[in-house]
Amino acid sequence: MTYAKEKEVAIAAATAAAKLCEQVRADIPQAIEKKDKSPVTVADFGAQAIICQALAAAFPDDPVVGEEDAKELRKPEMAETLTKVTHYVQALSPDATPEDVTRWIDHGNGQVSSRYWTLDPIDGTKGFLRQDQYAVALALVENGEVKVGVLACPAMPLDGGQTGALYVAVRGEGATMVPLSGGEPQRLQVVMADDVANFRFVESVEAAHGDQSKQNAIAQAVGITTESFRVDSQAKYGIVASGKAALYLRLPSPKYPDYRENIWDHAAGAIVVEEAGGRVSDMYGQPLNFAEGSKMMNNRGIVVSNGTIHDQVIAALAEN
Ligand SMILES: Nc1ncnc2c1ncn2[C@@H]1O[C@H](COP(=O)(O)O)[C@@H](OP(=O)(O)O)[C@H]1O
Ligand SMILES: [Mg+2]
């Protein structure tokens, strides 16, 4: 299985969604508060609509497990927001109606099964609102294993001065980065053990999404003495896959000890790092479980590394 069609459709859909997000961002979006108090914007809804439309057309039998749903958007008091979402979707899909938009968004409310897609239309919504990093993250999972992952990071600075990266991985075929504006795919390779200058670590900007003091202590314990890079979203996986950092740590926040990670926050990033030669596990060294549901109930914390230091990190975590 080469997943050629899956890869092509995912790249086109994520690229289109990233374009929509950048358009919304140029217009300075307002945050809307979700029931769980986390922010969402018209771009989150628009990107999920665009991607689900493409997936439903190309793979009508595949469920999509996405972050957003259209329940709130259908309420009369949200009519103005739905009009705005439809306006941005129409820039890419001119005949789209508000009914199409809500239907496409809800196509993303599928269930984990033996083959499904998982989608975070905007990962790092807080970064998106801050004009920082964010990612459009889309992955195909079969029998619990991520097979294809696409991560669009429109704000990622590239060597040479351009901005915007598309990270792509297919299981067994390696990982590449293509500038979002187009160009030749470049093969990704995690940092080598002797590349001291790039032996940094990355963590979230949001202190509440992790345990920054423990993350720093563990990084030091494995010999990373420089301060962390703080970056929003799965852009962190892109940075590790590109060899610009050796470690990404995401340990449970003491404020939210019962938090469980969402599959869409990790599936696309994880395959990109693994196919670039790195390793991904939870804080106990267990593989991430993409087979059970949208929350990884049996995993705690996330460790992403270049591979060479992975066992050392897990050992340091067991001791601390
Ligand atoms: N207490 C918590 N611990 C870990 N992750 C959390 C969290 N609360 C929210 N998140 C997740 O952190 C994601 C952002 O990741 P990061 O911190 O790496 O930028 C959010 O994705 P969304 O922005 O898609 O909602 C959300 O799913
Ligand atoms: Mg997310």
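It should be noted that the structure appears before, not after, this text.
Now for a look at the structure at hand. Small disclaimer: the values here were computed from a predicted structure and weren't measured. (Residues numbered from 1 in each chain as written. Chains lettered and ligands numbered in written order. Predicted model: local features only at pLDDT ≥ 70, side-chain atom pairs only at ≥ 80, totals over all residues. Heavy atoms only, no water.)

**A look at the overall build of the protein chain**
Across its full length, the protein chain carries nine helices and 14 strands. Radius of gyration (C-alpha) of the protein chain: 19 Å, near the 20 Å computed for a compact globule of 320 residues. Dimensions along the principal axes, computed over C-alpha positions, put the protein chain at roughly 55 × 40 × 40 Å. When each of the 320 residues of the protein chain is scored for burial, the buried share is 56%. Taking all contacts inside the protein chain whose residues are at least 6 apart in sequence as the whole, residues at least 24 apart take part in 69%. Summed over its atoms, the accessible surface of the protein chain is roughly 13,700 Å², and 50% of this surface lies on carbon and sulfur atoms. Side-chain charges in the protein chain split into 29 positive and 43 negative, and the spacing between the mean points of these groups amounts to 2 Å. (Helix = DSSP H or I, 4+ residues; strand = E, 2+ residues; numbered from the N terminus. Rg over C-alpha atoms; globule rule 2.2 N^0.38 Å. Buried < 20%, exposed > 50% of the residue type's maximum accessible area, 1.4 Å probe, protein only. Contact = heavy atoms within 4.5 Å. Areas by Shrake-Rupley, 256 points an atom, 1.4 Å probe, with all protein chains shown as cover. Lys, Arg positive; Asp, Glu negative; His and termini not counted. Charge placed at Lys NZ, Arg CZ, Asp CG, Glu CD.)

**Describing the packing of aromatic side chains**
Summed over the entire model, instances satisfying the criterion amount to three aromatic pairs. Ring geometry for phenylalanine 128 versus tyrosine 134: centroids 4.8 Å apart, planes at 80°, classification edge-to-face. Each member of the pair, phenylalanine 128 as well as tyrosine 134, carries the same accessibility label: buried. A centroid spacing of 5.3 Å and a plane angle of 85° characterise the contact between tyrosine 237 and tyrosine 248, whose relative ring orientation is edge-to-face. Here tyrosine 237 is found in helix H7 (residues 235–241), whereas its partner tyrosine 248 is found in strand S12 (residues 247–250), with eleven residues between them in sequence. Side by side, tyrosine 237 and tyrosine 248 carry an identical accessibility label, which is buried. Across the ring face of phenylalanine 59, the terminal group of arginine 115 is positioned such that the distance to the ring centre comes to 5.5 Å. (Phe/Tyr/Trp six-rings, centres within 6.5 Å; stacked < 30°, edge-to-face > 60°. Lys NZ or Arg CZ within 6 Å of the ring centre and 35° of its normal.)

**Comments concerning the sheet that holds strand S8 (residues 174–179)**
Ordered in space as S3-S4-S5-S6-S7-S8-S9, the seven strands form an open sheet in which the pairing is mixed. This sheet does not close on itself; its edge strands, each paired only once, are strand S3 (64–66) and strand S9 (186–187). Helix-sheet contacts for helix H8 (residues 267–275) involve strand S4 (115–123), strand S5 (135–142), strand S6 (145–157), strand S7 (163–170) and S8, and the interaxial angle to S6 is about 95°. (Pairing = 2+ DSSP bridges. Axes fitted to C-alpha atoms, helices over the stretch in contact; angles between N-to-C directions.)

**Re the site of ligand 1**
Within the structure, ligand 1 sits among 18 residues, and Ser204, His209, Ser233, Lys236 and Asp265 are positioned closest to it. In the environment of ligand 1, an oxygen atom lies 2.9 Å from a nitrogen or oxygen atom belonging to the backbone of threonine 125. Notes on ligand 1: free accessible area 580 Å², of which the protein chains cover 88%. Looking at the shell around ligand 1, the element that brings in the most residues is S4, giving three residues. (Near = heavy atom within 4 Å. Polar contact = N/O pair within 3.5 Å; in protein donor to acceptor, adjacent residues only side chain to side chain.)

**What to know about the packing of helix H3 (residues 79–90) against helix H4 (residues 98–107)**
As a packed pair, H3 and H4 sit with axes 9 Å apart at the nearest point and diverge in direction by 90°. In terms of axis orientation, H3 runs roughly perpendicular to H4. Contacts from Leu82, Val85, Thr86 and Val89 of H3 reach H4 at Pro98, Val101, Thr102 and Trp104. Residues that form the contact of H3 with H4 fall into these classes: six nonpolar, two polar and no charged. (Parallel < 35°, antiparallel > 145°, perpendicular 65-115°, else oblique. Nonpolar A, V, L, I, M, F, W, Y, C, P; charged D, E, K, R; others polar.)

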